[in-house]
Amino acid sequence: MARVEIRNLCKVYPGGVQAVKEANLVIQDKEFVVLVGPSGCGKSTTLRMIAGLEEVTFGEIYIGDTLVNDVPPKNRDIAMVFQNYALYPHMTVYKNMAFGLILRKFKKKEIDKRVREAAEILGITELLDRRPKALSGGQRQRVAVGRAIVRQPKVFLFDEPLSNLDAKLRVQMRAEISKLHQRLQSTMIYVTHDQVEAMTMGDRIVVMLDGVIQQVATPLDLYHNPVNKFVAGFIGSPPMNMLDGMIYAQNGDLRFRDDSSVIDLVVPESKRDVLQPFIDKKITIGIRPEDMHENPAQVMTPGSSIQAPVEVVEPMGSEINLYITIGKQSITARVKSDQEPEVNKPHVLDVNMANAHFFDVTTEKTLV
């Protein structure tokens, strides 16, 4: 069984820097879990503690039913793939992949079988006689993954393995690692700072900030139901628009007015009960760029539209990102590329307030 559990896990470095703060997480057998967050959030430190490469300051790590805090890395039955590949430059691809098995005194026949099976899975059979310097970045990464596969470990650990690859190759390798997980049916824990990687690969995503786990959920649940302002802004590309303002009542409606009194939008009826206590109080609302739509007639609809000059037009193929400023608010909208708006010309966008998110300005927690 390859279930991984961390209980109240903490890491404090000399000088009192607390990299991980009381992290609790259960990763089920055969699950693909992604740890994601900005640089310095504690995700790699957490992974390295699971691997045994960092000493645990406080808390417990279980792999299966075994407490592994004091178990050396080589005895934890894990395999790790690093960002920098960590290949031996003087060895061929075959020997790089076989080296760990040789140290464990596997028989030559079994080593050859495992290496060639892994090479076949990864499409690197023809590279087995080459040395790392004769390989591209993507080929080196496949070799690093192959070295992990031959171990046949209980748990695979990936520490930002694609960050050194170009954009096209990253997309390809994302798909290959996801297919590999489906084929091997192994437990995989994957660290990245790229939320697109996290959303496209993970069964569940663990969002971290300042050493604290903010939310653990499926990709779609994170996207639609973020627990706080940080998660809402971190998940999604382009990021969610955050507008500061106030809730007020008018003619039986609840409305949101931004700090510059330029944006004025009606709150959906489904969210009024929760927001009643915040009438005449400061609040932050979040609107995703894809929830701002072209108004076909370019006519303002009171309570559901905004109008402002387009400052930057960013064509993305089937869609266009529009960057505008209204009052003190910078806003990004993602619209269809049927017609490219003119720069510095006023543009009307309809806002889908049914999908808006509302945050407490003090705690930054989601209200609805």
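As a reminder, the structure under discussion sits directly above these lines.
Cut-offs used in this document
- Residues numbered from 1 in each chain as written.
- Predicted model: local features only at pLDDT ≥ 70, side-chain atom pairs only at ≥ 80, totals over all residues.
- Heavy atoms only, no water.
- Helix = DSSP H or I, 4+ residues; strand = E, 2+ residues; numbered from the N terminus.
- Buried < 20%, exposed > 50% of the residue type's maximum accessible area, 1.4 Å probe, protein only.
- Contact = heavy atoms within 4.5 Å.
- Areas by Shrake-Rupley, 256 points an atom, 1.4 Å probe, with all protein chains shown as cover.
- Lys, Arg positive; Asp, Glu negative; His and termini not counted.
- Charge placed at Lys NZ, Arg CZ, Asp CG, Glu CD.
- Right-handed = clockwise from strand over helix to strand, strands pointing away.
- Polar contact = N/O pair within 3.5 Å; in protein donor to acceptor, adjacent residues only side chain to side chain.
- Phe/Tyr/Trp six-rings, centres within 6.5 Å; stacked < 30°, edge-to-face > 60°.
- Lys NZ or Arg CZ within 6 Å of the ring centre and 35° of its normal.
- Pairing = 2+ DSSP bridges.
- Axes fitted to C-alpha atoms, helices over the stretch in contact; angles between N-to-C directions.

*Asks:* Account for the overall build of the protein chain, naming residues and giving values.
*Replies:* Scanning the protein chain for helices and strands turns up nine helices and 20 strands. Counting only C-alpha atoms and orienting by the principal axes, one finds that the protein chain spans roughly 80 × 45 × 35 Å. In the protein chain, which comprises 368 residues, the share counted as buried stands at 48%. Here the analysis covers contacts within the protein chain between residues at least 6 apart in sequence; of these, 65% occur between residues at least 24 apart. Working note: accessible area of the protein chain is about 17700 Å², and carbon and sulfur atoms make up 49% of it. Across the protein chain, the mean location of the 45 positive side-chain charges is 11 Å away from that of the 45 negative side-chain charges.

*Asks:* How would you sum up the pairing of strand E7 (residues 155–159)? Please name residues and give values.
*Replies:* Burial within E7 is extensive, with five of its five residues counted as buried. Burial along E7 is two-sided: the residues Val155, Leu157 and Asp159 and Phe156 and Phe158 are all buried. For the handedness criterion, the β-α-β arrangement of E7, helix H5 (residues 167–184) and strand E8 (residues 187–192) is classed as right-handed.

*Asks:* I'd love a proper account of the side chain of Gln215, names of residues and values included.
*Replies:* Tracing the chain through its elements places Gln215 in strand E10 (residues 212–217). Since its relative accessible area comes to 8%, Gln215 is described here as buried. A distance of 2.9 Å separates the side chain of Gln215 from the backbone nitrogen of Val227, its partner in a polar contact. Those residues in contact with Gln215, other than ones at most four positions away along the chain, are Ile205, Val206, Val207, Leu222, Asn225, Pro226, Val227 and Val231.

*Asks:* Outline the side chain of Asn228, listing residues and values.
*Replies:* Here Asn228 shows up in the loop between helix H7 (219–224) and helix H8 (229–234). Among the polar contacts made by the side chain of Asn228, one reaches the side chain of Gln214 at a distance of 2.9 Å. A polar contact of 2.9 Å, which involves the side chain of Asn228, links it to the backbone nitrogen of Val231. If near-sequence neighbours (up to four positions away) are discounted, Asn228 is found in contact with Gln214, Phe359, Glu364, Lys365 and Thr366.

*Asks:* Tell me about the packing of aromatic side chains, and please be specific about residues and values.
*Replies:* Two measures describe an aromatic ring pair: the distance that separates the ring centres and the angle between the ring planes. Under the defined criterion, the tally for this structure stands at five aromatic pairs. Ring centres 5.1 Å apart and planes at 65° place the aromatic pair Tyr88 and Phe99 in the edge-to-face group. With Tyr88 in the loop between strand E6 (78–81) and helix H2 (93–103) and Phe99 in helix H2, this pair connects stretches of sequence that are 11 residues apart. Take Phe99: its relative accessible area is 24%, and that puts it in the partly exposed class. Note that Arg257 overlies the ring of Tyr248, its terminal NZ or CZ placed 4.2 Å from the centroid.

*Asks:* An account of the sheet that holds strand E18 (residues 329–336) is needed here, citing residue identities and associated values.
*Replies:* One open sheet accounts for five strands, arranged E15-E19-E16-E17-E18; its pairing is antiparallel. Here the strands that pair on one side only, and so sit at the sheet edges, are strand E15 (292–294) and E18. Here the strands of the sheet are splayed against their neighbours by 50° on average, with no regard to which way each runs. Relative to strand E17 (residues 319–326), strand E16 (residues 305–315) runs antiparallel, the two being bridged by five bridges. Across the sheet, Val313 pairs through a bridge with Leu322, a residue of E17.

Worth remembering: the numbers are spatial, not functional.
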